[in-house]
Amino acid sequence: MLIYFTLIIVAALLIHNFVGQQIEVSGSSMESTLHNEDHLILEKISYEKGDPKRFDIIVFRPYEDDKKTYYIKRVIGLPGETVQIIGSDIYINGEILKEDYGNALIEDAGIAGEPIKLNKGEYFVLGDNRNNSKDSRNPVVGVVSRKSILGRAWVRIWPLNDFEVLKHQ
């Protein structure tokens, strides 16, 4: 019985650390896609073999020293690209990005008012609630390094009536 119990604990720890984990949305920065107190399953496997893609909803640690705080945002800019926000339009390498995830026109470009060149392993992220999101436009958050990304938001499991596999592309 002790061996069986030990195997279950080890399996649970391995799944939590390398496959996926449950997280809770705190705040309104991803509305109308995600809502405060939604519970999600974060999957980690796809980023072990590949890199985040544009429009993926990622979970990352914004502060290197704080292991308890994480943010949930949408990837907008990829490594090697230049991102700029002019008015309410997002430009990638000088071309307007066609997307409809934002729930309002952008009012504040923040640091993206000037072109931001993303280096290798750097991502530019925005919340879907563009005017109520602490994201890459904020100098405190800035660009997100690949090593701070925990995984991809995969499934909303709570509330049950909103259960769904999240759309990323």
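Keep in mind it's a predicted model, so treat the numbers as computed, not measured. (Residues numbered from 1 in each chain as written. Predicted model: local features only at pLDDT ≥ 70, side-chain atom pairs only at ≥ 80, totals over all residues. Heavy atoms only, no water.)

Right, let's get into the overall build of the chain. Regarding its fold elements, the chain presents two helices and twelve strands. Scanning the chain from its N terminus toward the C terminus, one meets helices and strands in the order α-β-β-α-β-β-β-β-β-β-β-β-β-β. Its C-alpha atoms give the chain a radius of gyration of 17 Å, within 12% of the compact-globule value 15 Å for 169 residues. Dimensions along the principal axes, computed over C-alpha positions, put the chain at roughly 65 × 35 × 25 Å. Within the chain, the fraction of its 169 residues that count as buried is 40%. Here the contacts in the chain between residues at least 6 apart in sequence split such that 62% fall between residues at least 24 apart. (Helix = DSSP H or I, 4+ residues; strand = E, 2+ residues; numbered from the N terminus. Rg over C-alpha atoms; globule rule 2.2 N^0.38 Å. Buried < 20%, exposed > 50% of the residue type's maximum accessible area, 1.4 Å probe, protein only. Contact = heavy atoms within 4.5 Å.)

Below, the discussion takes up the nonpolar core. In terms of nonpolar packing, the biggest core is built from 15 residues, with Ile-76, Val-83, Ile-85, Ile-90, Ile-92, Leu-97 and Phe-124 touching the most fellow members. Those elements giving two or more residues to this core turn out to be β5 (82–86), β6 (89–92) and β9 (122–126). Setting aside residues no more than four positions away along its own chain, Ile-85 makes contact with Ile-90, Ile-106, Ala-109, Ala-112, Gly-113, Phe-124 and Arg-137. (Core = buried A, V, L, I, M, F, W, Y, C linked by side-chain atoms within 4.5 Å.)

Mean pLDDT over the chain stands at 84; residues scoring 70 or higher make up 91%. Strand β8 (residues 116–117) holds the highest mean pLDDT among the elements of the chain, 96, whereas helix α1 (residues 2–18) holds the lowest, 67. (pLDDT = per-residue confidence, 0-100.)

What follows is about the packing of aromatic side chains. On inspection of all chains with the given rule, the structure shows two aromatic pairs. Seen from their ring centres, Phe-55 and Tyr-101 are 5.1 Å apart, and the 45° between their planes marks the pair as tilted. On the criterion of sequence distance, the pair formed by Phe-55 in the loop between α2 (46–49) and β3 (57–60) and Tyr-101 in the loop between β7 (95–96) and β8 is long-range, its members being 46 residues apart. Owing to a relative accessible area of 17%, Tyr-101 belongs among the buried residues under this scheme. With 5.9 Å between their ring centres and 80° between their planes, Phe-60 and Tyr-71 make a pair best called edge-to-face. Pair noted here: Phe-60 is in strand β3 and Tyr-71 is in strand β4 (residues 71–77), with a separation of eleven residues, a long-range link. The burial state of Phe-60 is the same as that of Tyr-71; both residues are buried. (Phe/Tyr/Trp six-rings, centres within 6.5 Å; stacked < 30°, edge-to-face > 60°.)

With that settled, consider the sheet that holds β7. Spatially, the four strands line up as an open sheet ordered β7-β6-β5-β8, and their pairing is antiparallel. If you trace the sheet from one side to the other, it starts and ends with β7 and β8, each paired once. As paired strands, β5 and β6 are joined by four bridges and run antiparallel to one another. Pairing of Gln-84 across the sheet is with Tyr-91, part of β6. (Pairing = 2+ DSSP bridges.)

What follows is about the pairing of β6. The alternating pattern of β6 places Ile-90 and Ile-92 on a buried face and Asp-89 and Tyr-91 on a face that is not buried. Counting the residues that bridge the hairpin from β5 to β6 gives two residues, and of these Gly-87 lies at a positive phi of roughly 65°. As defined by bridge partners, β6 adjoins β7 across two bridges and the pair is classed as antiparallel. Directly across from Tyr-91, in β7, lies its bridge partner Ile-96. Counting the residues between successive antiparallel strands, the hairpin from β6 to β7 contains two residues, one of them, Asn-93, with a positive phi of roughly 50°.

With that out of the way, let us pick up the pattern of salt bridges. A full pass over the atoms with the stated rule returns seven salt bridges. Here Arg-54 makes a salt bridge to Glu-81, at a shortest N to O gap of 2.6 Å. Taken together, the positions of Arg-54 in the loop between α2 and β3 and Glu-81 in the loop between β4 and β5 put the pair 27 residues apart, joining distant regions of the chain. The partner of Asp-135 in a salt bridge is Arg-137, and the shortest N-O contact between them spans 2.9 Å. In this pair, the class of Asp-135 matches that of Arg-137, namely buried. (Salt bridge = Lys/Arg side-chain N within 4 Å of Asp/Glu carboxyl O.)

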